[in-house]
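# Commentary on secondary and tertiary structure
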Amino acid sequence: MNPNDDDRSARSQVTLRLDSDLLRKIDVLAGVEGVDRTELVRRLLADGLADRRMKAAIGEYATGRRSAWSASESAGVALYEMLDRIAEAGVPYRMDPEALDRLRSGDGSPPPGGSTPNAPNAPIDALRSRYQPSVTRVLFVGESSPAGGTHFYRADSNLYRATREAFGIGFSVADPPEREDFLAWFQDLGCWLVDLADDPVDRSATTKRIRTVDAGVAALGQTIREVQPARVVVLLRRVAPAVRRAARVAGFDDRAIDVLPFPIRQWRPVYVDQLAGILADVFDSGATVTASGPRHAVAEPSTSYGARGLNDVMADVLRGHGNAWMKAGAIAREIAKADLWRRPGDGRHPPASQISSRARARASADLFQVGDLGIRLRAS
């Protein structure tokens, strides 16, 4: 007895008339796969039906008759697979009505007072909860909300704009959705952004900033344990050690943590480039991404702040400003703001006095030019 026929009582019998050439081909393939003709025909019908359901669902999505959610249900696949197949078919992504509904209040109407979910006064916790995906594939971790009031989930920050650009490149979408539509796409893809600190710390004194971030490690570890992401992307190098501690608490694989520079000034293209490569890798989008950095987890141990010399970092800052004259204090502030380098001895950012003395050092004479206007690189 063929074990595949054990449940024959649950099957209906269908008689098909096939021409002899087709039967011969079926028999040849059945021999190759080591099954009888009947079983092979069942498999061919199942595979063919799945393929036709997928093509029909993509076609209905392309014409606007189905959303991505509805198309995935029609094709009998997960939403993530449906999104991948839509991209493979070259169909532009369109914001689903269901996703837009999720941006509104529970009854589908705007909140009282006519405010929208992304209004400037909308609480960040509420926005973060609103955009939490049912399944988290990539967990983005920031330091805190900016003190200026902008935020990724308000779609008005540097981080939002750079991330939207990276998603367009990573998914080969020339004109990615904007504002709430992008945030809903971000959510549909299983991406979620959380912060280590509840309140803004970017204008706090260094000691308070470190203490506040450290206080968020336990909560982040709990979040990682609960949502079980496939990847964690750290959005600011200075908080990488705290994120790694949280990951260890959660038993998360350190090799699946990516560390990116925050996207300001000359670091924006680096952020966009590397995040696009990560997305192409995680989602296997098929996009052609020429990333300068690795497409897999970026190795960034907590001791790496001293891996590059201070001279190299100072030179990068000057190049980022077109090698214009810069005061030592301005260079020091940029290094601290972007967390580009820390002193190996005490883990602090270099002060202006250290920048100035380094530029004037005899060993740096061939690299830096120092004058009344400040510091710049010598012409090569």
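Structural data are supplied above this passage.
This text gives an overview of the structure that appears in the document. (Residues numbered from 1 in each chain as written. Predicted model: local features only at pLDDT ≥ 70, side-chain atom pairs only at ≥ 80, totals over all residues. Heavy atoms only, no water.)

### Digging into the pattern of salt bridges
- Throughout the structure, instances matching the rule amount to 14 salt bridges.
- Salt-bridge contacts for R238 lead to E143; the nearest nitrogen and oxygen are separated by 3.3 Å. Placement of R238 in the loop between β3 (231-234) and α11 (240-250) and of E143 in the loop between β1 (138-142) and α7 (158-170) is noted, with a sequence separation of 95 residues between them.
- Look at R238 and you get buried, because its relative accessible area is 12%.
- Taking the relative accessible area as the measure of exposure, E143 reaches 8% and is therefore buried.
- Among the ionic pairs, E165 bridges to R268, the shortest N-O distance being 2.8 Å. (Salt bridge = Lys/Arg side-chain N within 4 Å of Asp/Glu carboxyl O. Helix = DSSP H or I, 4+ residues; strand = E, 2+ residues; numbered from the N terminus. Buried < 20%, exposed > 50% of the residue type's maximum accessible area, 1.4 Å probe, protein only.)

### Overview of the packing of aromatic side chains
- Considering all chains together, one arrives at 14 aromatic pairs under this definition.
- Plain terms: the ring middles of F182 and W185 are 6.0 Å apart, the flat faces sit at 80° to each other, and that makes the pair edge-to-face. In this pair, F182 and W185 are both assigned in helix α8 (residues 179-188), 3 residues apart and thus about one turn of the helix distant. Side by side, F182 and W185 carry an identical accessibility label, which is buried.
- Linked through ring pairs, Y131, F140, F152, Y153, Y160, F167, F171, F182, W185 and F186 together constitute an aromatic cluster. (Phe/Tyr/Trp six-rings, centres within 6.5 Å; stacked < 30°, edge-to-face > 60°.)

### Overview of unusual backbone geometry
- Even without being glycine, A155 reaches a positive phi, approximately 55°.
- For A155, the location among the structural elements is in the loop between β1 and α7.
- Phi at N323 is positive, roughly 55°, even though this residue is not glycine.
- With respect to the helices, strands and loops of the structure, N323 is situated in the loop between α13 (310-320) and α14 (328-337).

Any functional reading would require information beyond the geometric quantities listed.
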